[in-house]
Amino acid sequence: MRTRPLRRRVALVGAALLAAAAALPQAAAAASADVERGPSGGGLSAVIRYTENGIPHILARDYAHLGFGTGWAQAADQVCVLADGFLTVSGERSRWFGPDAVPDGSLSSATTNLTGDLYFKGVRDSGTVEKLLATPAPAGPGKEVRELMRGWAAGYNAWLAQNKITDPACKGAGWVRPVTATDVAARGFAVSVLGGEGRAVDGIAGARPPGASARAQPGPEVDPASAAEAARRFFDTGRYDMGSNAVAFAGSTTASGSGLLLGNPHYPWQGGRRFWQSQQTIPGELNVSGASLLGNAVVNIGFNDKVAWSNTVATGTPVNLHQLALDPADPTSYLVDGEPERMTERKVTVPVAGGASVTRSQWWTRYGPVVADLGAGLPLPWTRTTAYALNDPNSRNLRGSDTTLALGKARSVAGIQDALRRTQGLPWVNTIAADSAGGTLFTQSQVLPRITDELAAHCSTPLGRATYPSSGLAVLDGSRGACALGSDPDAVQPGVFGPGRAPTLRDAPYAENSNDSAWLANADRPLTGYERIWGTATGPRSLRTRGALEDVAAMAAKGRLTVADLERQQYANRVPAGDLAAAEAAKACAALPGGTARGSDGAAVDVSAACGVLAGWDRTANSSSRGALLFDRFWRRLTASTPARELWSVPFSVADPVRTPHTLNRAAPGVGRALADTVVELRTAGIALDAPLGEHQFVVRDGRRLPVGGGTEALGVWNKIEAPWNASGGGYPEVAHGSSHMQAVGWDGSGCPVARTLLTYSQSSNPNSPYHADQTALFSRERWVKARYCERDILTSPGLRVVWPRERR
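Note on numbering: residues in each chain are counted from 1, in written sequence order. Local features are withheld for residues below a pLDDT of 70 in this predicted model, meaning they are given only at 70 or higher, and side-chain atom pairs are given and counted only at 80 or more; totals for whole chains, interfaces and linings count all residues. By convention in this description, side-chain values take in all heavy atoms of the structure and omit both hydrogens and water.

Q: Which parts of the structure should I look at to understand the overall build of the protein chain?
A: By the criteria applied, helices consist of DSSP H or I runs no shorter than four residues and strands consist of E runs no shorter than two, each listed in order from the N terminus. Looking only at helices and strands, one finds 23 helices and 31 strands in the protein chain. C-alpha atoms of the protein chain, sized along the principal axes, occupy 80 × 70 × 55 Å. Each residue is assigned to one of three classes by its accessible area relative to the maximum for its type, calculated with a 1.4 Å probe on protein chains only: buried under 20%, partly exposed between the two thresholds, exposed over 50%. Burial status across the protein chain gives 63% buried among its 809 residues. In what follows, residue pairs with any heavy atoms lying within 4.5 Å of each other are defined as contacts. Excluding contacts between residues fewer than 6 apart, the proportion of contacts in the protein chain whose partners are at least 24 apart in sequence is 69%. When charges are tallied, Lys and Arg are placed among the positive residues and Asp and Glu among the negative ones, while His and the ends of the chain are skipped. Throughout, a charge is located at the NZ atom of Lys, the CZ atom of Arg, the CG atom of Asp or the CD atom of Glu. Between the centroid of the 81 positive side chains of the protein chain and the centroid of its 72 negative side chains there is a distance of 4 Å.

This is the structure:
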């Protein structure tokens, strides 16, 4: 959409506010004056209309003012979490909290404050973010996004200056301070590299050249077989603390003829990767509602009056390694086509609480930083002959906000595709969308290193020949210039795939993803022909993918779908693992001689009471379900100790990938042992074998215990909930990550989208806020919030409250 002249937009803002005058005459009149003329003394301002559950509808005349209102409103709800994140990206956690403390993991995988600080301080010292901000669009961020960031920083700072912090997490803390637009961009950079450099922070900070004594003899080698398995586990999306489901239904399957979208992202419930809800409006220019990751000035997933979209974490491997052949005379020089190149040494100094500052060197090459490992399971030793450099193209991508802003302006799924094609900013997610005309879209349009199967075949080292098939992690020969990554003509950034290569499915009856590859976005229209780095095109799917495909295919076949059907799917809590294995587990239990099984310690355990519980279980993870907890604990143990080839009687078949493998192998040696250990565990904890799930899977908010339905990844439940086991705390007494900003969206021809949303962990992390637990209580009761998108819906909210923040100069 082309930007309309400022005078026209300001007039539209004024008209919108005059319409509000009937409901709130004084507030609307004052706010209208602020937006049309600007506040006295100049500066930025906005109008924020709050509706139920503390959801702000931010009205502004341009992007800087919109960013201002967004920064203000986010600070009001999440100031402590935001301030903590700004400490992270400035590399100052060690100064305030000590070097050995463990960060929350929301903005990198750093295992200590010190390693995280060394990485982020290095990013800041090198001017990486400033250089990306200065890069002209389309390779760099556009003017609108830069204005949003500038406004966001001003709004956050204005809130700090004009309000007292009541959240005990940072009340009176010296580390809460004003920020700049560069700080906001640095947070966006951290999100961009979460799947790449952000997961290798310890390895970057810990890379050290070998000492002089090491030059006399070869160093340790990397075992290809163990590295292949470690790489597979490292890049397995089922093991991430982020995931998602999303499905789009075409108009041919719906009652209205318009599309439908159900988005169910699985993100952390605490810390800096929480979502936050809002509606952003510049009349005549932008009107989008949805959820933003904290610190973002744009709506990341959401809807407007014509289109809705969500994201799921994709299977594309967002990095690759280059194996370096080192100069025999200098382990900080490497050879390319026989010519030595010196690594660049970056000395980084980090201030530390209660002690001297720490200075360490990081080593950079033409390919990226030298890394010592990719997680504990994949060491990459720097020897006298070899080192490994990490290439993360998203470390050169600050376009994510441009992409999501363009998605919010799109008017159709074709417009969504065009936005992705023009901006190319999504680092590690798929996009699933539906529109009011009945269209659907799945596309894996993410920023990936341009590694073709042909390049991998010609340029992989022995290590790469093991890791690339298993995980998509290419390890290329960095000593050969011919092994450099090429460029696609439609790519806005060198060395990445252009959007024309992304696996894409348009206008299928349904398009679904649950963090497996693009292959079965629609089981009847499989996608193939893409390079291995995008993901696999055969092989077993996760139970969550299989269950989701069964569910949505049945929904599409039934037809006449409405938003209410999406609401029911979200809370159906069907357990695919239970459908496949519970009956056989009950039979195996009943067949045990004397009802006795031996636990892992060899002790005999009477498990007979478990047999009837398993047989009578309703195969759901509803909070009222009896037997769900027993099966959950049994299934986790069994799948952790039993290889897939021994687990099932009917193996996987590529000809039937949704329904295979199936039927629990009752003879598997781990079945009895898992039953015995589970019975002992629950009895020791004082938990009845048939206890309702919600009595032992819950959260405590405002002194109230709220039961939580849903289940873990291994169970395959759509409504994913990951909760650490704490027997002394009652079972699963807190949720770590899972269902977060849920949205069910459709259209009925009225001009207003029909939308229901829910933010499972609620809008504010401040325990003193009325919006700290209200939506969590709704989630516990399997309820939704009616989204108020059109003006008449906003103005008729019984909880309508208007504020008009402004800068004071």
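Text resumes after the structure shown.
Q: Would you explain the sheet that holds strand E5 (residues 275–282) in this entry?
A: Across a sheet, paired strands are connected by hydrogen bonds in the backbone, their directions being either parallel or antiparallel. With respect to topology, 10 strands assemble into an open sheet ordered E18-E16-E15-E8-E7-E6-E5-E2-E1-E31, the strand pairing being mixed. Edge strands, defined here as strands with exactly one partner in the open sheet, are strand E18 (504–506) and strand E31 (801–803). Taking the axes of each pair of neighbouring strands and ignoring which way they run, one obtains an average angle of 20° across the sheet. Strands qualify as paired when DSSP identifies two bridges or more between them. In terms of strand pairing, strand E1 (residues 47–51) meets strand E2 (residues 55–59) through 5 bridges, oriented antiparallel. Bridge pairing links Arg49 to His57 in E2. Each of strand E8 (307–313), strand E15 (429–435), strand E16 (440–443) and E18 is contacted by helix H12 (residues 413–423), which is oriented at about 150° to E15, the strand it contacts most. Comment: axis = line fitted to C-alpha atoms, over the contacting stretch for helices; angle = value between 0 and 180 degrees taken between N-to-C directions.

Q: Looking at this structure, I do not really get the state of the cysteines. What am I missing?
A: Any two cysteine sulfur atoms lying within 2.5 Å of each other are counted as a disulfide. What the rule picks out here adds up to 4 disulfides. Two residues share a disulfide in this structure: Cys80 and Cys170, whose sulfurs sit 2.0 Å from each other. With the S-S bond torsion at -80°, the cross-link from Cys80 to Cys170 turns out left-handed. Placement of Cys80 in helix H3 (residues 63–90) and of Cys170 in the loop between helix H7 (143–162) and helix H8 (181–192) is noted, with a sequence separation of 90 residues between them.

Q: Would you explain empty space enclosed by the protein in this entry?
A: Taking a probe equal in size to a water molecule and rolling it over the atoms shows the remaining empty space. Computed over the protein atoms alone on a 1 Å grid, cavities are sets of points where a 1.4 Å probe fits but cannot get out and pockets are open sets with protein on both sides within 12 Å along at least five of seven lines; a residue lines them when it has an atom within 4 Å of a point. Grid points are joined across faces, edges and corners, and a volume is the space filled by probe spheres set on the points. As enumerated under the stated definition, the model contains 9 cavities of 30 Å³ or more in all. Taken as a whole, the largest cavity spans an internal volume of roughly 370 Å³. When contributions to the lining of the largest cavity are tallied by element, the ones reaching two or more residues are H8, strand E4 (260–268) and helix H11 (400–409). The greatest single-element share of the lining of the largest cavity, amounting to 4 residues, is contributed by H8. Residue composition of the lining of the largest cavity, grouped by class: 14 nonpolar, 12 polar and 1 charged. In this structure, the second largest cavity encloses a volume near 130 Å³. Around the second largest cavity, the lining is made up of 15 residues, and of these Ile55, Gln277, Ser289, Thr757 and Ala787 lie nearest the centre. Looking at the lining of the second largest cavity, the elements with two or more residues in it are E2, E5, strand E6 (286–293) and strand E30 (785–786). Its residues placed into classes, the lining of the second largest cavity shows 4 nonpolar, 8 polar and 3 charged. When residues are sorted by character, Ala, Val, Leu, Ile, Met, Phe, Trp, Tyr, Cys and Pro go into the nonpolar class, Asp, Glu, Lys and Arg into the charged class, and all the rest, Gly among them, into the polar class.

Q: Got a minute to help me understand the layout of surface pockets in this structure?
A: Here the largest pocket defines a volume of roughly 1,700 Å³. What lines the largest pocket is a set of 46 residues, and nearest its centre among them are Arg232, Asp236, Gly238, Arg239 and Ser542. Going through the elements one at a time, helix H10 (224–234), helix H14 (462–471), helix H15 (543–558), helix H19 (628–641) and helix H20 (644–647) are the ones with two or more residues in the lining of the largest pocket. Examining the composition of the lining of the largest pocket, we find that 4 residues originate from one element, H19, more than from any other. A breakdown of the residues in the lining of the largest pocket according to their chemical character gives 14 nonpolar, 16 polar and 16 charged. Computed from the structure, the second largest pocket encloses a volume of approximately 690 Å³. Along the wall of the second largest pocket there are 34 residues; nearest its centre are Ser109, Leu194, Arg199, Phe234 and Tyr240. Sort the elements by how many residues they give to the lining of the second largest pocket and H10 lands first, with 3 residues.

Q: Sorry, what's going on with the packing of H3 against helix H5 (residues 113–125) here?
A: Relative orientation and spacing of two packed helices are given, respectively, by the angle between their axes and the distance between those axes. Two elements in contact, H3 and H5, have axes separated by 6 Å at closest approach and are oriented at 70°. As far as their axial angle goes, H5 and H3 are roughly perpendicular. Across the interface between the two elements, Thr88, Val89 and Ser90 of H3 pack against Phe120, Lys121 and Arg124 of H5. Partitioned by chemical class, the residues of the contact of H3 with H5 number 2 nonpolar, 2 polar and 2 charged. Note on angle classes: values under 35 degrees are labelled roughly parallel, values over 145 roughly antiparallel, values of 65 to 115 roughly perpendicular, and the remainder oblique.

Q: Explanation requested: the packing of H3 against H8 in the structure shown.
A: Contact pair H3 / H8: the axes reach a minimum separation of 9 Å and the direction vectors enclose 80°. Comparing their axes, H8 and H3 come out roughly perpendicular. Residue-level contacts link Val81, Leu82, Gly85, Phe86 and Val89 of H3 to Asp183, Val184, Ala186, Arg187 and Ala190 of H8. Partitioned by chemical class, the residues of the contact of H3 with H8 number 7 nonpolar, 1 polar and 2 charged.

Q: What exactly am I supposed to notice about the pattern of salt bridges here?
A: Side chains that carry opposite charge are capable of pairing whenever their charged atoms lie near each other. Note on definitions: salt bridges are taken to be side-chain nitrogens of Lys or Arg within 4 Å of carboxyl oxygens of Asp or Glu. Evaluated as defined, the whole model comprises 38 salt bridges. The salt bridge partner of Arg506 is Asp507, with a shortest N-O separation of 3.5 Å. Residue classification places Arg506 among the partly exposed positions, given a relative accessible area of 34%. Salt bridges here are not isolated pairs; linked through shared partners, they connect Arg450, Asp488, Arg501 and Glu531.

Q: I'm lost on the side chain of Asp477 in this one. Help?
A: Residue position: Asp477 is located in strand E17 (residues 475–477). A distance of 2.6 Å separates polar atoms of two side chains, one belonging to Asp477 and the other to Ser479. Every residue in contact with Asp477, bar those within four places of it in the chain, is listed here: Gln323, Cys459, Thr461 and Cys483. Residues adjacent in sequence count toward polar contacts only when both atoms are side-chain atoms; beyond that, a polar contact is any pair of N or O atoms within 3.5 Å, and within protein one must be able to donate a hydrogen and the other to accept it.

Q: Teacher, can you tell me more about the packing of aromatic side chains here?
A: The relation between two aromatic rings is expressed through the spacing of the ring centres and the mutual angle of the planes. Aromatic pairing here means that ring centres of Phe, Tyr or Trp (its six-membered ring) are within 6.5 Å. Orientation follows from the plane angle: under 30 degrees is stacked, over 60 is edge-to-face, and everything else is tilted. With the rule as written, the count across this model stands at 21 aromatic pairs. Ring geometry for Phe68 against Trp72: centres 6.4 Å apart, planes inclined by 35°, an arrangement best described as tilted. Of this pair, Phe68 and Trp72 both sit in helix H3, 4 residues apart, which is roughly one turn of that helix. Residue Phe68 shares its accessibility class with Trp72, and that shared class is buried. The interplanar angle of 65° and the centroid separation of 5.8 Å between the aromatic rings of Tyr571 and Trp784 together place this pair among those described as edge-to-face. You can see Tyr571 sitting in the loop between helix H16 (563–570) and helix H17 (576–590) and its partner Trp784 sitting in the loop between helix H22 (774–780) and E30, a full 213 residues away along the chain. Using a relative accessible area of 13% as the deciding quantity, one classes Trp784 as buried. Through a chain of ring-to-ring contacts, three or more aromatic side chains come together here, namely Trp269, Tyr571, Tyr761, Phe779 and Trp784.

Q: Hey, could you run me through the environment of Leu505 in this one?
A: Relative to the assigned elements, Leu505 resides in strand E18. Considering only alpha carbons, one finds Leu505 and Arg637, 132 residues apart in sequence, at a separation of 37 Å. Here Leu505 is in contact with Thr440, Leu441, Phe442, Tyr510, Ala511, Ala521, Asn522, Arg525 and Leu527, once residues within four sequence places are set aside.

Q: Sorry, what's going on with the side chain of Ser395 here?
A: Tracing the backbone through its elements, the reader meets Ser395 in the loop between strand E14 (386–391) and H11. Within the local environment of Ser395, its side chain forms a polar contact with the backbone oxygen of Asp392, the two atoms lying 2.7 Å apart. Apart from the residues within four sequence positions on either side, Ser395 is in contact with Thr128, Leu132, Phe189, Val193 and Glu197.

Q: Could you clarify how one ought to interpret the nonpolar core in this entry?
A: Generally speaking, soluble globular proteins have nonpolar side chains that are buried together. Nonpolar core, defined: a set of buried Ala, Val, Leu, Ile, Met, Phe, Trp, Tyr and Cys residues in which side-chain atoms within 4.5 Å join the residues together. Grouped together as the largest cluster of nonpolar side chains are 175 residues, with contacts concentrated most on Val79, Tyr156, Val176, Phe249, Leu374 and Ile416. It is H3 that provides the largest number of residues to this core, a total of 15 residues. When near neighbours in sequence (up to four residues on either side) are disregarded, Phe249 contacts Thr254, Gly259, Leu260, Ala434, Thr440, Pro509, Tyr510, Val552, Met555, Ala556, Leu561 and Leu566. Val575, Cys611, Leu630 and Ala674 belong to the second largest nonpolar core, which has 44 residues in total.

Q: Which parts of the structure should I look at to understand the pairing of strand E24 (residues 698–701)?
A: Across a regular strand the side chains alternate sides, sitting on one face of the sheet and then on the other. Bridge analysis of E24 against strand E25 (residues 704–707) gives 4 bridges, and the strand direction is antiparallel. Its bridge partner lying in E25, Val699 is registered against Leu706. Taking the residues between adjacent antiparallel strands as the criterion, E24 and E25 are bridged by 2 residues, where Asp702 takes a positive phi near 55°.

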